[in-house]
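# Overview (structure and organization)
Chain by chain, the residues:
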Amino acid sequence: KLRVLSGMQPSGQPTLGNYIGALKNYVKLQHTHDCYFMVVDMHAVTVPQDPAALKEQTESVTALYLAAGLDPNVATVFLQSTVHEHAELGWLMTTLTNMGELERMTQFKDKSAGKDSVGAGLFTYPSLMVADILLYNADLVPVGDDQKQHLELTRDLAQRFNSRFGDTFTIPEPYIPKVGARIMSLDDASKKMSKSSSNAGSYIAMLDAPDVIRKKISRAVTDSGREVKFDPQHKPEVSNLISIYAECSDKSIAEIEAQYEGQGYGPFKKDLAEAVVATLEPIQIRYNEIRQSGELYEVLKQGKERAAVQADAMLKQVKEKMGFIIL
Ligand code: TYM
């Protein structure tokens, strides 16, 4: 079985973009692949986090993983910070990364733009992500489009390590969906939908109540036309909504276009809202059950133990190859 690894930050409320671009694929891959899915809490602290909020959000993302359908008896579900090898290999990867490579990262440029003070962790973040992936010799990494550049860096560093110290790491491939890899904001189709946006109307949170979802979609920006047509270049707003519709239903883009031909945006948006509600509401119901059941910490302990076996063996190998003394 090919190995899959991915992760999500516990910073802010996960959005429909996180679900469509990533989580939905985690769930799909778990039955055919050897899967590791983590909550990357060590990445979240690259920007200041309130301790109580970090804990709450970490529990919340874990519960959303399970509510969306990850089965902890099939996939390994764990917290990054509980497997200390991530931090250790992260340091070793930092030493193999060039400043120029990190300076080119668009996520760093976006997150640091206009700030007076930028934490060093935000800059070295990609080296830790490289370690996350290489520590498990992952073959496939399901992510949204915005993580492509980090995946390229991972591939480069795996190759660099292998050629300097001998064949060690698998070169991972990104797994990026054709539709839905980049869900855009509801108020501005030039920006990706993001949980860190200051305008809550710009994103749908996975835990938004059905009526909130309906309201947000009815207010979503479209254009002055009335054609429901997938044309990202000329109709970016409508095309984004069509992508969301296709991902939240079993309809193809062509079927959606045909269904609303000549009807304008009203009926389209109404049905779209119901498709999103039908996707998220069952997840929300399971989410509440899971939060109440108190099972999370048990799941995470079991995941930690399984992940640590892999991580420990891999890190030893890496350290040995680099010339560290293993006692
Ligand atoms: P994060 O937490 O920002 O996002 C989690 C996943 O959701 C995807 N995503 C989107 N997909 C489609 N449309 C959107 N608007 C959208 N917004 C987010 C992201 O691409 C991602 O797949 N650096 C990573 C976390 C990470 C990681 C890893 C991922 C750390 N180590 C190892 C994979 C493997 C991040 O910040 O994701």
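Because the structure is a prediction, the values reported are computed rather than measured.

Conventions and cut-offs
Residues numbered from 1 in each chain as written. Predicted model: local features only at pLDDT ≥ 70, side-chain atom pairs only at ≥ 80, totals over all residues. Heavy atoms only, no water. Helix = DSSP H or I, 4+ residues; strand = E, 2+ residues; numbered from the N terminus. Rg over C-alpha atoms; globule rule 2.2 N^0.38 Å. Buried < 20%, exposed > 50% of the residue type's maximum accessible area, 1.4 Å probe, protein only. Contact = heavy atoms within 4.5 Å. Areas by Shrake-Rupley, 256 points an atom, 1.4 Å probe, with all protein chains shown as cover. Pairing = 2+ DSSP bridges. Right-handed = clockwise from strand over helix to strand, strands pointing away. Phe/Tyr/Trp six-rings, centres within 6.5 Å; stacked < 30°, edge-to-face > 60°. Polar contact = N/O pair within 3.5 Å; in protein donor to acceptor, adjacent residues only side chain to side chain. Near = heavy atom within 4 Å. Nonpolar A, V, L, I, M, F, W, Y, C, P; charged D, E, K, R; others polar. Domains from an automatic or database assignment. Buried area = accessible area lost by both parts, 1.4 Å probe. Salt bridge = Lys/Arg side-chain N within 4 Å of Asp/Glu carboxyl O. pLDDT = per-residue confidence, 0-100.

## Let's talk about the overall build of the protein
Counting secondary structure elements, the protein contains 13 helices and five strands. In summary, the protein has a C-alpha radius of gyration of 21 Å against a globular reference of 20 Å for 327 residues, a match within 12%. C-alpha atoms of the protein, sized along the principal axes, occupy 70 × 45 × 40 Å. Every one of the 327 residues in the protein was classed for burial, and the buried ones make up 50%. Excluding contacts between residues fewer than 6 apart, the proportion of contacts in the protein whose partners are at least 24 apart in sequence is 76%. Summing over all exposed atoms, the protein offers an accessible surface of approximately 15200 Å²; the carbon and sulfur share of this is 52%.

## A closer look at the pairing of strand β2 (residues 34-39)
When you tally the buried positions in β2, you get five out of six residues, the bulk of the element. In this sheet, β2 lies alongside strand β1 (residues 3-8) in parallel orientation, the contact comprising six bridges. Following the sheet pairing, serine 6 is matched in β2 by phenylalanine 37. Assessed by its sense of winding, the connection that carries the chain from β1 through helix α1 (residues 16-29) to β2 is right-handed.

## Remarks on the packing of aromatic side chains
Following the criterion strictly, the structure yields 10 aromatic pairs and no others. Ring geometry for tyrosine 26 against phenylalanine 37: centres 4.4 Å apart, planes inclined by 10 degrees, an arrangement best described as stacked. In this pair, tyrosine 26 is assigned in helix α1 and phenylalanine 37 in strand β2, connecting sequence segments 11 residues apart. For phenylalanine 37, a relative accessible area of 0% corresponds to the buried category. Ring plane angle 50 degrees and centroid distance 5.8 Å describe the contact between phenylalanine 78 and tyrosine 136, whose orientation is recorded as tilted. Placement of phenylalanine 78 in strand β3 (residues 76-79) and of tyrosine 136 in the loop between α7 (120-134) and β4 (140-142) is noted, with a sequence separation of 58 residues between them. Residue classification places phenylalanine 78 among the buried positions, given a relative accessible area of 0%. Residue tyrosine 136 is classed as buried on the basis of its relative accessible area, which comes to 1%.

## Regarding the side chain of lysine 269
The residue lysine 269 is located in helix α12 (residues 265-293) in this model. Separated by 3.3 Å, the side chain of lysine 269 and the backbone oxygen of isoleucine 217 make a polar contact. Of note is the side chain of lysine 269, whose polar atom sits 2.9 Å from the backbone oxygen of serine 218. Other than its neighbours up to four places away in sequence, lysine 269 contacts Ile217, Ser218, Arg219, Ala220, Thr222 and Leu241.

## A few points about the site of the ligand
Of all residues adjacent to the ligand, which total 27 residues, the nearest are Gln9, Tyr125, Asp132, Asp146 and Ile183. Within the side chain of tyrosine 125, a nitrogen or oxygen atom sits 2.6 Å from a nitrogen atom of the ligand. The protein chains hide 97% of the 720 Å² of surface that the ligand would expose on its own. Elements with a contribution of two residues or more to the shell around the ligand: β1, α1 and α7. Residue composition of the shell around the ligand, by class: 13 nonpolar, 10 polar and four charged.

## Structural notes on the domain arrangement of the protein
Under the domain assignment used here, the protein contains domain 1 (3-181 + 294-322) and domain 2 (208-288). Between the C-alpha centres of domain 1 and domain 2 there is a distance of 30 Å. Tallying the contact residues gives 12 residues for domain 1 and 11 residues for domain 2. Taking both sides of the interface into account, the surface hidden between domain 1 and domain 2 amounts to around 1000 Å²; carbon and sulfur atoms contribute 71%. When the buried surface of domain 1 facing domain 2 is broken down by residue, Leu16, Ala67 and Val179 rank first, second and third, together holding 46% of it. Two residues, glutamate 247 and lysine 24, come together in a salt bridge whose shortest N-O distance is 2.7 Å. On inspection of domain 1 and its partner domain 2, the count reaches three residue pairs in polar contact (both at pLDDT 80 or more).

## Topic: the confidence of the model for the protein
On average, residues of the protein score 97 in pLDDT, and 100% of them are at 70 or above. For this predicted complex, the interface score ipTM comes out at 0.99, while the overall pTM is 0.97.

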